[in-house]
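Each chain, written out:
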Amino acid sequence: MPTNFTVVPVNDGPPGLPGAPGRDGGSPPGAAVPETLDSVFREEEDSGNTPGTPPGRTQLTNQVKDLYSSLYNQETGGYYDGKNMALFEEEIDSHPMVSSLLNKLANYTNLTQGVREHEEAEYEDGAPRVTGPQMGTFIGVYLPCMQNILGVILFLRLTWIVGTAGVLGTFAIVFMCCACTMLTAISMSAIATNGVVPAGGAYYMISRSLGPEVGGAVGLCFYLGTTFAGSLYILGTIEILLTYIVPSSGVFVAARPEDEAWATSNNLRVYGSACLALMALVVFVGVKYVNKLALVFLACVALSLMAIYAGVIRTVIEPPDFPICLLGNRSMKNDKFDKCAKTELVNNETQTTLLWALFCNGSHLNATCDEYFTLNNVTEMPGIPGLLSGVIKDNLWGSYGPAGVFVERRGSVSEEVQENLVMDKPYVLNDISTFFTLLVGIYFPSVTGIMAGSNRSGDLRDAQRSIPVGTILAIATTSLIYMSCVVLFGACIEGVLLRDKFGASVGKNLVIGTLAWPSPWVIVIGSFFSCCGAGLQSLTGAPRLLQAIARDGIIPALQVFGHGKANGEPTWALLMTVGICEIGILIASLDAVAPILSMFFLMCYLFVNLACAVQTLLRTPAWRPRFKFYHWTLSFLGMSLCLSLMFISSWYYALVAMVIAGCMYKYIEYRGAVKEWGDGIRGLSLNAARYALIRLEEAPPHTKNWRPQLLVLCKLDSDLEVKHPRLLSLTTQMKAGKGLTIVSSVLEGTYMGRGAEAKTGEQRLKAAMQEEKTKGFSHVVVTSSLRDGFSLLVQAAGLGGMKHNTVLLAWPAGWRGAPDYCWKNFIETVRETTSAHQALLVAKNIDRFPGNQQRLEGTVDVWWIVHDGGLLMLLPFLLKQHKVWKQCRMRIFTVAQMNDNSIQMKKDLQMFLYQLRLDAQVEVVEMHESDISAFTYEKTLVMEQRSQMLKQMQLSRNERQREAQLIHDLNTASHCSSSQRAAPEQVQMTWTKEKLITERNRHREGVGVKDLFSMRPNRSNVRRMHTAVKLNAAVLTKSQNAELVLLNMPGPPRNAEGDQNYMEFLEVLMEGLERVLLIRGGGREVITIYS
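Conventions used here
Residues numbered from 1 in each chain as written. Predicted model: local features only at pLDDT ≥ 70, side-chain atom pairs only at ≥ 80, totals over all residues. Heavy atoms only, no water. UniProt positions renumbered as here; feature names shortened; annotations may be inferred. Helix = DSSP H or I, 4+ residues; strand = E, 2+ residues; numbered from the N terminus. Buried < 20%, exposed > 50% of the residue type's maximum accessible area, 1.4 Å probe, protein only. Areas by Shrake-Rupley, 256 points an atom, 1.4 Å probe, with all protein chains shown as cover. Core = buried A, V, L, I, M, F, W, Y, C linked by side-chain atoms within 4.5 Å. Phe/Tyr/Trp six-rings, centres within 6.5 Å; stacked < 30°, edge-to-face > 60°. Axes fitted to C-alpha atoms, helices over the stretch in contact; angles between N-to-C directions. Parallel < 35°, antiparallel > 145°, perpendicular 65-115°, else oblique. Left-handed = near helix turned anticlockwise from the far one by under 90°. Contact = heavy atoms within 4.5 Å. Nonpolar A, V, L, I, M, F, W, Y, C, P; charged D, E, K, R; others polar. Disulfide = S-S within 2.5 Å. Pairing = 2+ DSSP bridges. 1 Å grid on protein atoms, 1.4 Å probe; cavity = no way out; pocket = protein on both sides within 12 Å on 5 of 7 lines; lining within 4 Å. Points joined across faces, edges and corners; volume = space filled by probe spheres on them. Polar contact = N/O pair within 3.5 Å; in protein donor to acceptor, adjacent residues only side chain to side chain. Salt bridge = Lys/Arg side-chain N within 4 Å of Asp/Glu carboxyl O. Patch = residues over 30% accessible without salt bridge, like charges linked within 9 Å, V, L, I, M, F, W, Y side chains within 5 Å. Expected span 1.5 Å × (residues − 1). Bend = angle between axes of the 7 residues up to and from the residue.

- The name given to the protein in an unreviewed UniProt entry is Solute carrier family 12 member 7a, and the organism recorded there is Gadus morhua.
- Recorded under Sequence similarities (unreviewed entry), the UniProt text for the protein is reproduced unchanged: "Belongs to the SLC12A transporter family. K/Cl co-transporter subfamily."
- Per its UniProt entry, the protein bears the Subcellular location (unreviewed entry) comment "Cell membrane".

What follows is the structure, given as C-alpha cells:
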C-alpha cells in the first residue's frame, strides 16, 4: 500500500524574519500603522521586513518528492524486501533495537560483586564463571537478622537492664532503639529497591547515594562495627561457657577474691581467641555451611524463646523454686552456704551455719561477728514470685548506683552501719557504675542485626525484594519479642535477682534461665548457640563488606583485600577481619565492647537515613524505588534519632567515631581514586558552588528552566527600616519557581560617609526578609545619586550565571506632588530593564497586598493585551502555589477589536492554556472603535496644560503639590459625573491671569496666557489617553472586585519630554483598582507548551 506524504511548510524562525509571526514583522515598508489599541503598548512602531514566500519552499517540496520516488522504486525493486527497519539501519550500532534490548534485560543475572563484575559473564578463555549460592528472603535475610538481633543481649543482659533501669526505663530504651532501626530499615528499603544492590549492602547504598568519600568513610565505620559485633558475640559465647556451662574449666584461677576480675578477663581472652579461630575456619570453608548451621542455631533460639514464654505461663500455676537470701536488705551469693540462716536447731541444740562462718571469726555462738551481720536478720524469699505476684510495681522504676555498691532490695528495713567494703563477704555487688545512658549503649547492639541481610546482598537471588521484606519482618518480630520480655521479666522476677548480672544469688544460674521451663539448661544451650550463630553471621558479612570497598578502588591501600578464592570468598578480607576482631576480644568485657560498636552502627544508620532523605528531596529522575512506604520526614526523624542515641550512649565515643569517619573522608577525597557514581558529594560546598556558577554562565537557560530570578528594589526610610514590607511578602509568594532573590536598596552619598549605615540597612533588610520568610540575599549600595544606584543594581547584581532576570519595585504613589527626580528615576529604571532584556514587575498599592498569613479566595485576573514572553500567565500560576493565593481562581481576559473573531479567539486561547497545563477561565472582551469622547479630550488637555505650566514656573514643593491635587480632583469629579463634564474650552484652572503675568515676567522665555488657554492637545496623546480610558473602563467592569489584576505594562516613550504624560497614562490605566501588578516582559519566552 503506497504511503502518502504531505509537505507542510513550517516557519520556526525568530520574530521579524519574513513570514515569521511576531510583534515586529509583517508590515511592508512605508505602510501606515493603523490607530489601534496596540498603540498605547508600543511606543516604537517599526516597519517589518517584506513578507513573501518562505525561502526554499519549492526546493524543499521537490526534494521530498524525489526522496519518496527513490524509496518507492527501490522497495518495488526488492532491494529492501524483509528489511522493515531499514530506516534505522545506520544507527543500529549506537541505538540497538528494542527487541535486542529487552532480550538482554531478560537474560540479566545479579552476579556477586567481589566475585565477578556483573558486566562480564565468562572468563577470557570462554569457561563459565563459578556462581555462588543464591539465597531467598527467608534464609538470606530474615534468618540472619533474627539471629543477630536475638543474640547476646537478650539472654545475658536484658534482665539486668530491666532490674537497673526499671520496666518503664527499659521500655523507653527498647522503644527508642527499635524505632531507630525500623526507620532506618524503611530508608534502606527505599534505597535497596531503587536498583540492583550488589555485594556491600549498606556501603553500596550510601556510596552510590552520597558519593565515594562519604560512602567509603561510613562503609569503613560500618565494617569496624560489624567486626566488633563479632567480638561481642564471641565474648558472649565464652561468658556463657565459663560462667554457666563449665565454670571450673578456667585456665586462670583467682587465689583471692580480689583477683576474680583479673582471672575472668584472662579466661575470656584465651577462650575467645580459640573460638574466633574456629569460627574463622568455618567461614573460610564456605558461606553455604554457615547457612546450614544457621538453621540449627535459629532452632535453638526459637526453643529458648518458647521456653521463656512457657516459663512465664508456668509461674501463674507454680512458680519455680529459686530462693534468694537477704541479710537485711542486701542480696548475697549462695554458692558458699547451703542454708539461709545464722543458726539452726540440731538435736535440740542451736548450732551455727556456714553463713555464720562467713561473717564471724569462729563457729561458736559467742564469736565476734560483722556489725551489719549482728544488727540485721537473714531472710529468704522467692526469686521468681510469679506473674500474679504484683512484683511489677516494685520493678517499675530504676535503681542506679556506682560500682562496688550492694545490690539491695527496695522497701526492706535494715540497720545501716559505717563499714569499709570487704571483698571476702558474700554480697552481690555492682560490677560497674550504672546510669541510663550507659544502658542505652549496652542494649543498642541487640538491634544492630538489621544489616545482616543487606551485607550479603551479593548472595541473594533478588536483593530488591528480599532486603525490604526480610529486614522489616525481622525488626517487627524482634521488637515485639523484646517489648514483651521487658514487661514479663519485670512482672515475674524479683528486683534484686534482676540486678544480679551473673545470677550469683541463685547458685550462678543464668537469671533468664531461672524463669524458663522445663529447665534452665534450655536457655543456656539456646543462648550459647545463638551467640555462636550471630558471631558466624558477623564474620561472614564483615569480610564481604571490606571486599566490596576494596573492589571499588576508592582506597588504594585496601586493594589487596579485593582478592579471594575462585568461588569469590574474601580470603584476605577474612584475615583482616579476624585480626580486628581479636582486638575486641582482648578488651575482654562485653559491657565495654557494646558501646564501641553502637557508635559505628549508629553512624552508618544515620547516613542511610540521610541518603534516603537527600534522594527523596532532590527527586532526581533516577530515584524510582519500588518500595513506596517511605517519606523524607521519616528519614530525617531516623537520622535525628541516630544522632541523639550516639551522644546519649557515649558522647566521647561519638566524637571519636566522627573523627575516624572525618579522617577517612579526607583521605579518600585527596588520595582515593576518582569515582563518578551519580549524586555523590564532590568536594567542598564552595567548590561545588563555583563549579555550578561557571556551568550556568556557559549558556543561557532554556525556556523550560526559566524561573523568575528577582531583583527587589526596596526603599528604606530615615530610620533605615523597610518602607514597604509587603514587597517582600509578594516576593515570598512568587517563589514557587525557587529562583534567586536579591533584595537591594540604595543610599545617596559616599560609601566612606555612609558605609556604616549601609551595613545597618543590610541587617534591617535581612531581618525584614526573615520576618516575611523571604529566602535570598540582601544588598545595600551607596552611590552619589539614587539614579546611579538603581542603574548599578540593574546592571551588576548577581554573580555569574546566577543573575536576576526580573526587577520588582513599587509604583511611586503620590508622584504628582513629589519632586521630579522621583518619577524620573522610575521611568529611567523601566528604560534600563527594557534595554537589559529583563522583565519588570510594578506593584501599585503595595501596602494593600496580602501578608503571608492571609488567605484569599477571590479571583486573580490577567488582562493579556500583548504577548511579551508569557510572563503574564506564568506569574499567576506561581502565585497560586503559595497558600495565600491557593484558593483563588485564575481568569484571563483578552481584548478583541473590530476585525477580530472573538469566538475563535476564545477557542484558540482555551486550547493554548490547555497545552500550557494552566487551569484558568477565559473571556474575550470586545472593544470596538468609537469616537473620542469629550472626557478623553478633556483629560488629555488638562494633562498637557499641567505639564506645560509646571515646566514654566518655579514653584515651591507645597505649591506644586497643591496645584497637582486640585487638577487631579477636577479630573476625578468630571469622570464620576458625566453629565457635568466640561468642554475642553471650559476647563477652569486655578491660575489667575495676574499670577500668570507675574510668573511670566520672572522668566525670559514663557508661554502667554492666551496661548496656555487656547492650546490644543497633541493628537498622539489623545489617542493614547483614549485607549487608557477605554481599557480602564473595561477592567473596572470585569475586575473591580478581583483580589489581584495583572496588566501588560506599556513601554516608556523614546523622548524624555513625554515622560510625565507616560506616568499619566499609567495612572489612568490603573485608576479605581485596589491591587495591580504591571508586567513588562524581558523579550524572551518564559513559558512553553513542550515537555
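Here the narrative resumes.
## Focus on the overall build of the protein
Here comes step 1: Counting secondary structure elements, the protein contains 33 helices and 15 strands.
Here comes step 2: Taking all 1091 residues of the protein together, the buried fraction comes to 50%.
Here comes step 3: As displayed, the protein has an accessible area near 52,300 Å², and 56% of this comes from carbon and sulfur atoms.

## A few points about the nonpolar core
Here comes step 1: If you look at the biggest cluster of nonpolar residues, it comprises 156 residues, and the most contacted ones within it are Leu158, Tyr443, Phe444 and Phe489.
Here comes step 2: Among the elements that take part in this core, helix H7 (residues 212–245) stands out by supplying 18 residues, more than any other.
Here comes step 3: If you look at the next biggest cluster of nonpolar residues, it comprises 52 residues, including Leu728, Ala768, Leu856 and Leu1077.

## Digging into the packing of aromatic side chains
Here comes step 1: Scanning all chains against the criterion turns up 18 aromatic pairs.
Here comes step 2: Residues Phe406 and Tyr427 carry aromatic rings whose centres are separated by 4.8 Å and whose planes lie at 75 degrees to one another, so their mutual orientation is edge-to-face. Remark: Tyr427 occurs in the loop between strand S5 (378–382) and helix H12 (436–443) and Phe406 occurs in the loop between S5 and H12; sequence separation between them is 21 residues.
Here comes step 3: Given the relative accessible area of 5%, Tyr427 is considered buried.

## Considering the environment of Phe435
Here comes step 1: Looking at the element boundaries, Phe435 is found in the loop between S5 and H12.
Here comes step 2: Since its relative accessible area comes to 40%, Phe435 is described here as partly exposed.
Here comes step 3: In this structure the C-alpha to C-alpha distance between Phe435 and Pro402, which are 33 residues apart in sequence, comes to 8.6 Å.

## Remarks on the packing of helix H3 (residues 137–149) against helix H13 (residues 463–492)
Here comes step 1: For the pair H3 and H13, the least separation of the axes is 8 Å and the interaxial angle reads 30 degrees. One element, H3, and the other, H13, form an angle in the roughly parallel class. Between H3 and H13 lies a crossing of right-handed hand. For the pair H3 and H13, the contacting residues are Thr137, Val141, Tyr142, Cys145, Met146 and Ile149 in the first and Arg465, Ser466, Ile467, Val469, Gly470, Thr471, Leu473, Ala474, Thr477, Thr478 and Tyr482 in the second.
Here comes step 2: Partitioned by chemical class, the residues of the contact of H3 with H13 number 10 nonpolar, 6 polar and 1 charged.

## Comments concerning the state of the cysteines
Here comes step 1: Under the defined criterion, the tally for this structure stands at 2 disulfides.
Here comes step 2: Each sulfur of the disulfide joining Cys325 and Cys340 lies 1.9 Å from the other. Measuring handedness by torsion sign, the sulfur bridge of Cys325 and Cys340 sits at about 80 degrees and is right-handed. Highlighted residues: Cys325 in strand S1 (residues 323–327) and Cys340 in the loop between strand S2 (330–331) and strand S3 (343–346), separated in sequence by 15 residues. Note on accessibility: Cys325 and Cys340 belong to one class, buried.
Here comes step 3: Across the disulfide, Cys360 is cross-linked to Cys369 (sulfur-sulfur distance 1.7 Å). Handedness here is read from the sign of the S-S torsion; for Cys360 and Cys369, about 100 degrees, the answer is right-handed.
Here comes step 4: Each bonded cysteine of the protein gets a number by its place in the sequence, and the pairs then read 1-2, 3-4.
Here comes step 5: Not engaged in a disulfide, the cysteine Cys221 finds its nearest cysteine sulfur in Cys604; these two sulfurs lie 8.8 Å apart.

## Focus: the pairing of strand S10 (residues 839–844)
Here comes step 1: With 6 of 6 residues buried, S10 lies mostly within the body of the structure.
Here comes step 2: Taking every second residue as pointing to the same face, both faces of S10 are buried, with Ala839, Leu841 and Ala843 on one and Leu840, Val842 and Lys844 on the other.
Here comes step 3: As paired strands, strand S9 (residues 806–810) and S10 are joined by 5 bridges and run parallel to one another. By the bridge assignment, Thr806 is partnered in S10 with Ala839.
Here comes step 4: Judged from the 5 bridges that link them, S10 and strand S15 (residues 1076–1080) form a sheet pairing that is antiparallel.

## Some details on the layout of surface pockets
Here comes step 1: The calculated volume of the second largest pocket comes to roughly 1,600 Å³.
Here comes step 2: Lining the second largest pocket are 49 residues, with Glu260, Ala261, Thr264, Lys333 and Phe502 positioned closest to its centre.
Here comes step 3: Elements supplying a minimum of two residues to the lining of the second largest pocket: H7, helix H8 (260–285) and helix H18 (590–618).
Here comes step 4: A total of 7 residues in the lining of the second largest pocket trace back to one element, the largest contributor, which is H8.
Here comes step 5: Classifying every residue of the lining of the second largest pocket by side-chain character gives 25 nonpolar, 9 polar and 15 charged.

## With respect to the sheet that holds strand S13 (residues 921–926)
Here comes step 1: Ordered in space as S8-S7-S6-S9-S10-S15-S14-S11-S12-S13, the 10 strands form an open sheet in which the pairing is mixed. The sheet is open, and its two borders are formed by strand S8 (777–783) and S13, each paired with just one other strand. Adjacent strand axes in the sheet meet at a mean angle of 20 degrees, parallel and antiparallel pairs treated alike.
Here comes step 2: Against the sheet, helix H22 (residues 726–733) engages strand S6 (710–713), strand S7 (741–748), S9, S10 and S15, with an angle of about 145 degrees to S9.

## Overview of the sheet that holds S5
Here comes step 1: Strand order in the open sheet formed by 3 strands is S2-S1-S5, and the pairing between neighbours is antiparallel. Each end of this open sheet is capped by a strand with a single partner; those strands are S2 and S5.
Here comes step 2: Pairing of S1 with S2, which is carried by 2 bridges, proceeds in the antiparallel orientation. Bridge pairing in S2 links Leu327 to Arg330.

## Observations regarding the side chain of Ser649
Here comes step 1: Counting through the fold element by element, Ser649 comes out in helix H19 (residues 632–649).
Here comes step 2: Look at Ser649 and you get buried, because its relative accessible area is 8%.
Here comes step 3: Within the local environment of Ser649, its side chain forms a polar contact with the backbone oxygen of Leu645, the two atoms lying 2.8 Å apart.
Here comes step 4: Setting aside chain neighbours within four positions, we find Ser649 in contact with Thr437, Val440, Gly441 and Met599.

## As for unusual backbone geometry
Here comes step 1: Cis geometry marks the peptide bond from Trp517 to Pro518; its omega dihedral reads 15 degrees.
Here comes step 2: Although it is not a glycine, Ala588 sits at a positive phi angle of roughly 60 degrees.
Here comes step 3: Looking at the element boundaries, Ala588 is found in the loop between helix H17 (571–587) and H18.
Here comes step 4: You will see that Lys773, though not glycine, has its phi angle at about 60 degrees, which is positive.

## Some details on the pattern of salt bridges
Here comes step 1: The full count for this structure, using the stated rule, is 17 salt bridges.
Here comes step 2: Two residues, Lys1038 and Glu923, come together in a salt bridge whose shortest N-O distance is 2.6 Å. Of this pair, Lys1038 sits in helix H32 (residues 1019–1039) while Glu923 sits in strand S13; the two residues are 115 residues apart in sequence, bridging distant segments of the chain.
Here comes step 3: The residue Arg1075 makes a salt bridge to Glu1043 at a minimum N-O spacing of 3.0 Å. With a gap of 32 residues between them, Arg1075 in the loop between helix H33 (1059–1070) and S15 and Glu1043 in the loop between H32 and strand S14 (1044–1048) connect regions that are remote in the sequence.

## Regarding a nonpolar patch on the surface
Here comes step 1: Judged by side-chain polarity, Leu643, Phe647, Trp651, Tyr652, Leu655 and Met658 come together as a nonpolar surface patch covering roughly 590 Å² of accessible area.
Here comes step 2: Mapped onto the nonpolar patch, the elements with two or more residues apiece are H19 and helix H20 (651–671).
Here comes step 3: A total of 4 residues in the nonpolar patch trace back to one element, the largest contributor, which is H20.
Here comes step 4: With respect to the helices and strands, the residue Trp651 is situated in helix H20.

## Here we look at H3
Every α-helix winds through 3.6 residues per turn, so residues three or four apart in the chain are directed the same way.
Here comes step 1: Compared with an ideal rise of 1.5 Å per residue, which puts 13 residues at 18 Å, H3 spans 17 Å between its outermost C-alpha atoms and is within 8% of the ideal.
Here comes step 2: The largest bend in H3 comes to about 30 degrees, at Leu143, with the proline Pro144 one to four residues further on.
Here comes step 3: The buried count for H3 comes to 11 of 13 residues, which makes it a mostly enclosed element.
Here comes step 4: By the burial criterion, the buried members of H3 are Thr137, Gly140, Val141, Tyr142, Leu143, Pro144, Cys145, Met146, Gln147, Asn148 and Ile149.

## Examining the side chain of Thr193
Here comes step 1: Relative to the helices and strands, Thr193 is located in the loop between helix H5 (158–192) and helix H6 (202–210).
Here comes step 2: Judged by its relative accessible area of 5%, Thr193 falls in the buried class.
Here comes step 3: At 2.8 Å, the side chain of Thr193 forms a polar contact with the backbone oxygen of Ser189.
Here comes step 4: Here Phe627 takes part through its backbone nitrogen, which lies 3.1 Å from a polar atom of the side chain of Thr193.
Here comes step 5: Each residue touching Thr193, except ones within four places of it in the same chain, is listed here: Gln464, Pro468, Arg624, Pro625, Arg626 and Phe627.

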